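Here is what each chain is made of, one letter per residue.
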Amino acid sequence: MRYWWVNQNRTYRHEVEGGYPWSPKRKANGGVNLFYESMREVTPGDIVLSFADTRVLAIGIAHSHCYECPKPVEFGSAGMNWDTVGWKVEVRFTELQDRVRPAEYIDMLRSHLPERYSPLLQDGRGSPVIYLTEMPPPLFKVLSQLIGREAQHAHEVAESSTEAEVAGEIPSRDFSTWEDYVRDTIAHDATLTETQRQAVIQARSGQGIFRQRVSVVERHCRVIGVSNHEYLRASHRKPWRDSTNEQRIDGENGLLLTPSIDHLFDRGFIGFEGSGALVISPVAHKPSLQKMGVRTSERVNVGAFSEGQRRYLEWHQEYVFLESQRGGVRSRIPAVHNMER
């Protein structure tokens, strides 16, 4: 179990009532924001404290890993400069009756603040550059004591539950609404012929010309080895919803995968390097992966990919795979930069 601090401020009401934190994937200038990247490290069963208006206002338990999601429409004008696509984590928040103002207890908290990336400044005010950051257990323990029974109850529930017990279904509405909007845009695109339009739309479900083109460059599921195409899905390396029309039907943007491996790849629990090395997300539940056919106790190479395939895999590693980055290097430590929340 890990402990997280989220600064919600202008989006507090939407996120707590909706049961989620949401962040863009990138800063307004396109750069990496590691306090957004922290979203990719959250695991079901983790505890999240919500901070807004100088107080800890709610506590929650994460019920999902991070997943790609459009910016919530309820945000309205909040975050007008944010990307329209970002990260979302399902968290069941409970608003607190005892709303602690950390500045009033900073003498108790100061010695437990981390030297780097602290959610609080030395005077107890919330750090203006933080969105989501990890709290050291000693800091959470003191805050939990200050909050009282509500925090202690949440911790007991999270501690007594396994990840499988607490994990919930990812709401399909986020994906379907987003992809339905893209599909409707394609359906009314006057620059496409009817044949092109149908090919692009069919590619959404891995059918039509996209599947045919993938089958030319991929013969079997690289992870499990199943070669009977009746049991395989044509999966996009760069998701259909994020691709251009040309990329949506590009055979090099596809893999033939069994349904279980397709799910793991699409959700970012596994990925592939251009050399063919299989990579496993640090938040993935390895016993489950093994039952699904992924060998987790040894290095696995599924065979090298072409240059075109590698470009799509690099996009998957950067924007889908569940592991945070710092300056292009995989890391679990966020770096400081300004943000607007």
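Nothing here was measured: the structure is a model prediction, and the numbers come from that model. (Residues numbered from 1 in each chain as written. Predicted model: local features only at pLDDT ≥ 70, side-chain atom pairs only at ≥ 80, totals over all residues. Heavy atoms only, no water.)

Caption draft 1: Quick look at the overall build of the protein. Across its full length, the protein carries 13 helices and 14 strands. Relative to the globule expectation of 20 Å for 341 residues, the C-alpha radius of gyration of the protein, 21 Å, shows essentially globular dimensions. Buried residues in the protein amount to 54% of all 341 residues. Across the protein, contacts joining residues at least 24 apart in sequence account for 72% of those joining residues at least 6 apart. As presented, the protein carries roughly 15,900 Å² of accessible surface, and 48% of it is formed by carbon and sulfur atoms. Counting 42 positive and 44 negative side-chain charges, the protein places the centres of these two groups 2 Å from one another. (Helix = DSSP H or I, 4+ residues; strand = E, 2+ residues; numbered from the N terminus. Rg over C-alpha atoms; globule rule 2.2 N^0.38 Å. Buried < 20%, exposed > 50% of the residue type's maximum accessible area, 1.4 Å probe, protein only. Contact = heavy atoms within 4.5 Å. Areas by Shrake-Rupley, 256 points an atom, 1.4 Å probe, with all protein chains shown as cover. Lys, Arg positive; Asp, Glu negative; His and termini not counted. Charge placed at Lys NZ, Arg CZ, Asp CG, Glu CD.)

Caption draft 2: Just helix α4 (residues 137-147), in detail. For α4, the complete set of buried residues consists of L139, F140, V142, L143, S144 and I147. Among the residues trailing α4, G148 stands out with phi positive, at a value near 100 degrees.

Caption draft 3: How the structure looks around the sheet that holds strand β3 (residues 47-52). Read from one edge to the other, the open sheet built from 5 strands follows the order β7-β4-β3-β1-β8, with strand pairing classed as mixed. With one partner strand each, in any of the chains shown, β7 (91-100) and β8 (132-135) form the two edges of the open sheet. Direction aside, neighbouring strands of the sheet carry axes that sit 30 degrees apart on average. Of the strand pairs in this sheet, strand β4 (residues 55-62) and β7 are connected by 6 bridges, and their pairing is antiparallel. If you follow A58 over to β7, its bridge partner there is E95. (Pairing = 2+ DSSP bridges. Axes fitted to C-alpha atoms, helices over the stretch in contact; angles between N-to-C directions.)

Caption draft 4: How the structure looks around the packing of aromatic side chains. This structure, assessed with the given rule, holds 11 aromatic pairs. Pairwise contacts between aromatic rings join Y20, W22, F75 and W82 into one cluster. For K88, the ring lying beneath its charged end belongs to Y20, and the centroid distance is 4.5 Å. Across from the ring centre of W240, 4.7 Å away, lies the NZ or CZ of R248, which sits over that ring. (Phe/Tyr/Trp six-rings, centres within 6.5 Å; stacked < 30°, edge-to-face > 60°. Lys NZ or Arg CZ within 6 Å of the ring centre and 35° of its normal.)

Caption draft 5: How the structure looks around the sheet that holds strand β6 (residues 85-88). Sheet architecture is open: 3 strands sit in the order β2-β6-β5, paired in antiparallel fashion. The open sheet has two free edges, formed respectively by β2 (22-24) and β5 (67-70), since each of these has just one partner strand. Taken pair by pair, the neighbouring strands of this sheet meet at an average axis angle of 45 degrees, ignoring direction. For β5 and β6, the ladder comprises 4 bridges, and the chain directions are antiparallel. Residue pairing across strands places C69 opposite G86, the latter belonging to β6.

Caption draft 6: How the structure looks around the pattern of salt bridges. With the rule as written, the count across this model stands at 23 salt bridges. With a closest N to O distance of 3.2 Å, R13 and E95 form a salt bridge. With R13 in helix α1 (residues 12-18) and E95 in strand β7, the pair connects residues that are 82 residues apart, well separated along the chain. On the basis of relative accessible area, R13 is assigned to the partly exposed category, the value being 37%. Taken together, the shared-partner salt bridges connect K25, E68, E179, D180, R183, D184, R204 and R241 into one network. (Salt bridge = Lys/Arg side-chain N within 4 Å of Asp/Glu carboxyl O.)

Caption draft 7: Broad picture of the side chain of S235. Here S235 is to be found in strand β9 (residues 233-236). For S235, a relative accessible area of 6% corresponds to the buried category. There is a polar contact of 2.7 Å between the side chain of S235 and the side chain of D262. Contact partners of S235, with chain neighbours within four places excluded, come to F210, N253, G254, L255, L257, D262 and F265. (Polar contact = N/O pair within 3.5 Å; in protein donor to acceptor, adjacent residues only side chain to side chain.)

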